[in-house]
Amino acid sequence: YDAPPLRSHDYRREDDGGLPVDVAKVDSMLTERMRAKMQRDFATADRLRNELRSMGVMVFDKEKTWKVVGGGGGGGPPPMSMGGGGHA
């Protein structure tokens, strides 16, 4: 008897939904990442976390939450940033 496929994850979105993101893709990637972690395939889990981060999605494993921080994370300016002299 095989266990039924894992269809979801325990993570919930923790932002106000104001920044656009492909929620279906995030859900799919979180599910795949959770499956990889359960199989102790940490290389795949880390790759998926990094892909999510490149989409601007931060995953908080301890809290089982995720949120969109925009710009792809990494602490630098958003990738689409075009010049502009720092107007406030």
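Residues numbered from 1 in each chain as written. Predicted model: local features only at pLDDT ≥ 70, side-chain atom pairs only at ≥ 80, totals over all residues. Heavy atoms only, no water.

## Examining helix 1 (residues 23–38)
Then comes step 1: The end-to-end C-alpha distance of helix 1 is 22 Å, a good match for the 22 Å that 16 residues give at a rise of 1.5 Å each.
Then comes step 2: Residues of helix 1 that are buried include every one of Val26, Met29, Leu30, Thr31, Arg33, Met34 and Ala36, and no others.
Then comes step 3: For helix 1, the elements touching its buried residues are helix 2 (42–54), strand 2 (57–60) and strand 3 (65–68).
Then comes step 4: Just beyond helix 1, the residue with positive phi is Arg40, at close to 60 degrees. (Helix = DSSP H or I, 4+ residues; strand = E, 2+ residues; numbered from the N terminus. Expected span 1.5 Å × (residues − 1). Buried < 20%, exposed > 50% of the residue type's maximum accessible area, 1.4 Å probe, protein only. Contact = heavy atoms within 4.5 Å.)

## Concerning the nonpolar core
Then comes step 1: Counting residues in each nonpolar core, the largest one holds 10 residues, listed as Tyr11, Val26, Met29, Leu30, Leu48, Leu52, Val57, Val59, Trp66 and Val68.
Then comes step 2: Among the elements of the structure, helix 1, helix 2, strand 2 and strand 3 are those that each provide at least two residues to this core.
Then comes step 3: Per element, the largest residue contribution to this core is three residues, and it comes from helix 1.
Then comes step 4: Residues in contact with Val26, not counting those within four places in the same chain, are Val21, Leu52, Met55, Val57 and Trp66. (Core = buried A, V, L, I, M, F, W, Y, C linked by side-chain atoms within 4.5 Å.)

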